[in-house]
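Single-letter residue listing:
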Amino acid sequence: MAGTGGGCRVAARGGRWRGTGTRAQGHTSMSDPPGWAHWRCPSPHLPAGAQQSATVANPVSGASPDLLPHFQLEPEDVYIVKNKAVSLACRATPATQIYFKCNGEWVHQGDHVMQHSTDRGTGLPVMEVRIEVTRQQVEKIFGLEEYWCQCVAWSSSGTTKSQKAFVRIAYLRKNFEQEPTAREVSIEQGIVLPCRPPEGIPPAEVEWLRNEELVDPALDANVYVTPEHSLVLRQARLADTANYTCVAKNIVARRRSASAAITVYVNGGWSTWTQWSGCSTSCGRGWQKRSRTCTNPTPLNGGAFCEGQNMQKTACTTLCPVDGAWSEWSKWSVCGAECTHWRSRECSEPAPRNGGQDCHGPELDTRNCTSELCSHAASGAEDVALYVGLVAVAVCLVLLLLVGVLLYCRKKGGLDADVADSSILTAGFQPVSIKPSKADNPGLLTIQPDLSTTTMTYQGSLCPRQDGPAKLQLPNGHLLSPLGAGRHTLHHSSPAAEGADFVARLSTQSYFRSLPRGTNNMAYGTFNFLGGRLMIPNTGISLLIPPDAIPRGKIYEVYLTLHKQEEVRLPLAGCQTLLSPIVSCGPPGVLLTRPAILAMGHCVEASAENWSIRLKKQSCEGTWEDVLQLGAEPCTDLYYCQLEAQACYIFTEQLGRFALVGESLSMAASKRLKLVLFAPAACPSLEYNIRVYCLSDTQDTLKEVIQLEKQLGGQLIGAPRVLHFKDSYHNLRLSIHDMPSSLWKSKLLASYQEIPFYHIWSGLQPFLHCTFTLERLSPSTCELACKIWVWQVEGDGQSFTVNFNIAKDTRFSDWLVPDSEVGAPALVGPSAFKIPFLIRQKIISSLDPPGTRGADWRMLAQKLNLDSHLSFFASKPSPTAMILNLWEARHFPNGNLSQLAAAVAEVGKQDSALFAVSEAEC
C-alpha cells in the first residue's frame, strides 16, 4: 500500500531495494515472508526510523544472532536537583543507529549527541549517544506517570533495547513528621527518642547528633538506631545527659530537628548507719546518736533526695561509778593460842561497782592480846567445844533457810494471778470465782462478778445475740446427742478501761513505744477463757481469741494495732516486697493454750511457681525473723497460715508483730494495685487537679487514702480499678487523653507521668499518687470529659473514662468506705462468735474422735474445702476446734450458719432426724 502526499512504502527482498525513499530502521513482521522488511518514510522532524510502528526484538531472518547490538553502557536512574538538567548516555556495538525514546516518544534527532568509534578488539562499529533531560520536560507529565527514557540500537541483524532509566525531580520537605522531645529519666532506665524525617525523593537518610557530635552505634554498644530511625539508649548513663538532634539529608538538602534535652538523674540513696556514738554523759541519763548520709548514691541532675531522717537519737543511761568504802571494824576476837586476837572489816558500805575504786587499806587487823606475856599451853578440850558449837550454829542456820524457802514457795503457789502482767497491765482486776452449780439446777453455770470494783457486766445466753431467732440445725443420733433442757446463763464481769489510759500505759514500756498514740488504728479489750474478738474498723484486720485459748482463772488485756510503714522499719532484700500491712497484737509473752487467729489482707497474686512467701515476726530486740514459709513444711507448731485470694489467716500461739513478705521467683510474679481517682469537691479557681492514687490492694490502705482525701476536701470521680503490677522492672506510666481543647487544657509538659518501679514494688510506700493539673478556659465550664490511662510498660493497663460534672456530681460517693463498721471493735465472750457455745462443744466432742466410715473432723475439713491443712489440724489436741475457729475467722459477721450445719449434716448423714437449738433453749 502506497501513501499519498510524500508518503512512500518500499520493500526489499534479499537485501535489494525497490522503490524510492529514505532508509529507516526496518522491522520484521510475523506475516511477512522471511527476509522482508517493511519501511515507512520518516518525518522531517524525527530521526530516521523514529516513526516505526513497532520495535524489533528479534533478529532479521537469516542473519547471525551474534551481530545483534549489545549495550556496553546503559542509561541509569537519575535525579534532577533544583533546575539542573541531567544527562543520559548509552553505548552499543555493533550499531549503525542509536536513539533515545522517552515515555514512548522518540527524542528529536537534534537533541542527540552522537559519537562513532570502532571496537579495537572486534573491529565492529561502536556508537554512543547522549541526551539531556530538563526539569520542564519531567514536569509536563508530572502526576500522570513517571518520566523514563530508553535507548534503542540498530544493526543489520536487528534491534536491541536498553533498560529503562527513570528521571525524577529530587526534593526534601522542611518539616519533620515527628521530632524527639525532651525527657528526664532515671539512671539505667531505657530511652527511646523517636524521629520521622521529612518526606523526600530520594528518601532521606537519618543520623543523630549528641551535643553536635555524630552518634555512631558501631562505637557504642549501648546505642542503636531502629529501622524507623528512632534512637534507643538501652540503659541511661550520666554521660548520656546531652542535647540530641535528628538530622535528615538527601542529595537536595539537609534538615535538622529541634534539639531534645535528655537529663539523666540519679535518686539519692542512704548510706549505712554509722555505729552508735558513746553516751553523752559519763554518769546518769544522756543521749547517743548515729547518722547516715545521702551518698549511696548522691542525688544528681535533679534526682530526689533521700526520704527519712539522716540522724537518729536514743536515750542512754550510764551507770555512775561507785567507789568502795569500808564497813565498821568487827569486835576483837578472843585471844588465841598464839597470844593474838583479830578484827576484820569489809569493803561493802558501799561495795565498788560500775568501775569504782576498791577500798584502800587492810581487811584484817591483828594485835597481841597479852602484852607479849602469854602462855603457849593450849587446852585441847576447849578447842573441841569451840568447833562443835560453830558447826551446830551453821546447821541451824541452814535448816531455818530451808524452812523459809519452803514456806515462800507454798505461799507463792497458792496465789494464782488473774491478770496477765507484762508490766503494762496495771489495772486491778478481781479474781473470777467459778462456783459449782446448784443441786436443783445442774445445768446452771454461773460466774459471779466481784461487786467491790467498778465493772461492766455481760449477762446473757451462750447463743450469740446477733443471729436473733436464727437456728443452727444439726443431726441427731450418735453423732450429736440432744442437749438438756436446762438454761445455761453466763455472768461475765470485766473492768471498763478508758482508751486513753490503756494507750498511756502501753507507751510507758520500751517495746510498745512505736504503737500509735491514738485509737483510730487500734482495738483493745479484756478477755478470759470464753475468748472474744478484736477488729480495726474498715481495714479487714481482726484477732480471734478462741474459747479456752486463755487459761481458766486468767484475764488478759489484749490489743490489736495497725502500723504505718514509716513507723516500723522492715528491712527488705533483693526481690522481696511487703505484701500485707504490719500488724501488732499483744502483749507478747502471754500464755495461750490454743492458737489465736490474726486476719489481715494482702495484695499478692499467689502461685507457687512465681512466689516465695514468708511470714515475718519481730522479736523484742527489734529484729525481724522468718517464722513460716508458706507452702513448705512448718518448722514449728507455733505458727500456721491459711492464704486466700485477698486475705490471710495466721494461727499463732505467741502474740507479737507480724507482716507477710514475698520474694518473686520470676518476672511473671505480680501484685495487685488499686487505682483510685480523686478530685476537689469544690473548684473556686480555674485550675482543677485530678489525683490518681496507686495503692496496695488492701482495705487498710484504701481507708488511709480516703481519710487523707477527706482532709483535703476531695471526692471520688471514678470507680476504683485493679491493676496487676509485674516484677518486670518496668515503671508505671500515667497519661491523660481526649480532653476537649475548647474547654480544658492540660498543664502537663510531658506526654505522660511515670512512677519508678521500685517505689511501687517494695511496698514500703503503701500508696503513691500523680496529679494532673487542668485549667478551665472559662469559669462556667463544669463538664469534664477525658480518658486517663495507667499502664506498666510492656505490662497490664487500665483506662478510666471520666465524664463528670465538677460542681454537683456525687454518684461515686457510694464507693467510699463508711466511717465505721457495724459492731464494736471489741467483742467479748459468746457475742464474738457465730456458732453457739454449747453447739460448738457438741461438734468438737463428736468429731474429734475417729468416726466410722470417716465421719469425723477430716470429713468436715473436706466439706469446708480445708483438706489441704489436715496435717496442721492433726497436730493440735482438738482438730475440730481449729476448723471451727478458722470458719469463725473467715465468716464473721456475715457467715451463713446454714451452710456450716449442712456440712456437719453431711458428716453424719446416716442420721436423718434434725433438732434445733434456739436462744430460748440455750
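Scroll up to find the structure.
Worth saying up front: this structure is predicted, and the values here are computed from it rather than measured. (Residues numbered from 1 in each chain as written. Predicted model: local features only at pLDDT ≥ 70, side-chain atom pairs only at ≥ 80, totals over all residues. Heavy atoms only, no water.)

A. Quick look at the state of the cysteines. Going through the model one piece at a time under the given rule, you end up with eight disulfides. Between the sulfur atoms of Cys 195 and its disulfide mate Cys 246 the distance is 1.9 Å. Taking the torsion about the S-S bond as the criterion, the Cys 195 to Cys 246 disulfide, at about -75°, is left-handed. Here Cys 246 lies in strand β21 (residues 242-249) and Cys 195 lies in the loop between β15 (191-193) and β16 (200-201), a separation of 51 residues in the sequence. Residue classification places Cys 195 among the buried positions, given a relative accessible area of 1%. (Disulfide = S-S within 2.5 Å. Helix = DSSP H or I, 4+ residues; strand = E, 2+ residues; numbered from the N terminus. Buried < 20%, exposed > 50% of the residue type's maximum accessible area, 1.4 Å probe, protein only.)

B. Representation of unusual backbone geometry within the structure. Each neighbour pair has its own omega, and for Thr 93 with Pro 94 the value is -20°, a cis peptide bond. Take Pro 94: it is sitting in the loop between β6 (86-93) and β7 (97-102). Residue Pro 297 follows Asn 296 across a cis peptide bond; omega there is 0°. Tracing the backbone shows Pro 297 in the loop between β24 (284-291) and β25 (311-318). For Lys 82, which is not glycine, the phi dihedral falls at a positive 55°. Structurally, Lys 82 is set in the loop between β5 (78-81) and β6. On the basis of relative accessibility, which here comes to 57%, the residue Lys 82 falls in the exposed class. Positioned with a positive phi, Glu 212 is a non-glycine residue whose angle comes to about 70°. Residue placement: Glu 212 occurs in the loop between β17 (205-210) and β18 (213-214).

C. Quick peek at the side chain of Lys 876. Relative to the assigned elements, Lys 876 resides in the loop between α8 (870-874) and α9 (879-891). Leaving out residues up to four positions away in the same chain, Lys 876 has contacts with Pro 595, Asp 637, Glu 653 and Met 882. (Contact = heavy atoms within 4.5 Å.)

D. Just a negative patch on the surface, in detail. Residues Glu 328, Glu 346, Glu 349 and Glu 363 make up a contiguous surface patch of negative charge. Of note, Glu 346 is situated in the loop between β26 (340-344) and β27 (364-368). (Patch = residues over 30% accessible without salt bridge, like charges linked within 9 Å, V, L, I, M, F, W, Y side chains within 5 Å. Areas by Shrake-Rupley, 256 points an atom, 1.4 Å probe, with all protein chains shown as cover. Salt bridge = Lys/Arg side-chain N within 4 Å of Asp/Glu carboxyl O. Lys, Arg positive; Asp, Glu negative; His and termini not counted. Charge placed at Lys NZ, Arg CZ, Asp CG, Glu CD.)

E. Structural view of the nonpolar core. Ile 690 and Ile 788 are the most contacted members of the largest nonpolar core, which totals 69 residues. Sequence-distant contacts of Ile 690, defined by excluding residues within four places in its chain, comprise Leu 677, Phe 678, Ile 717, Cys 770, Thr 771, Phe 772, Leu 774, Leu 784 and Ile 788. Ranked by size, the runner-up nonpolar core spans 38 residues in total, among them Ala 861, Leu 864, Phe 872 and Leu 884. (Core = buried A, V, L, I, M, F, W, Y, C linked by side-chain atoms within 4.5 Å.)

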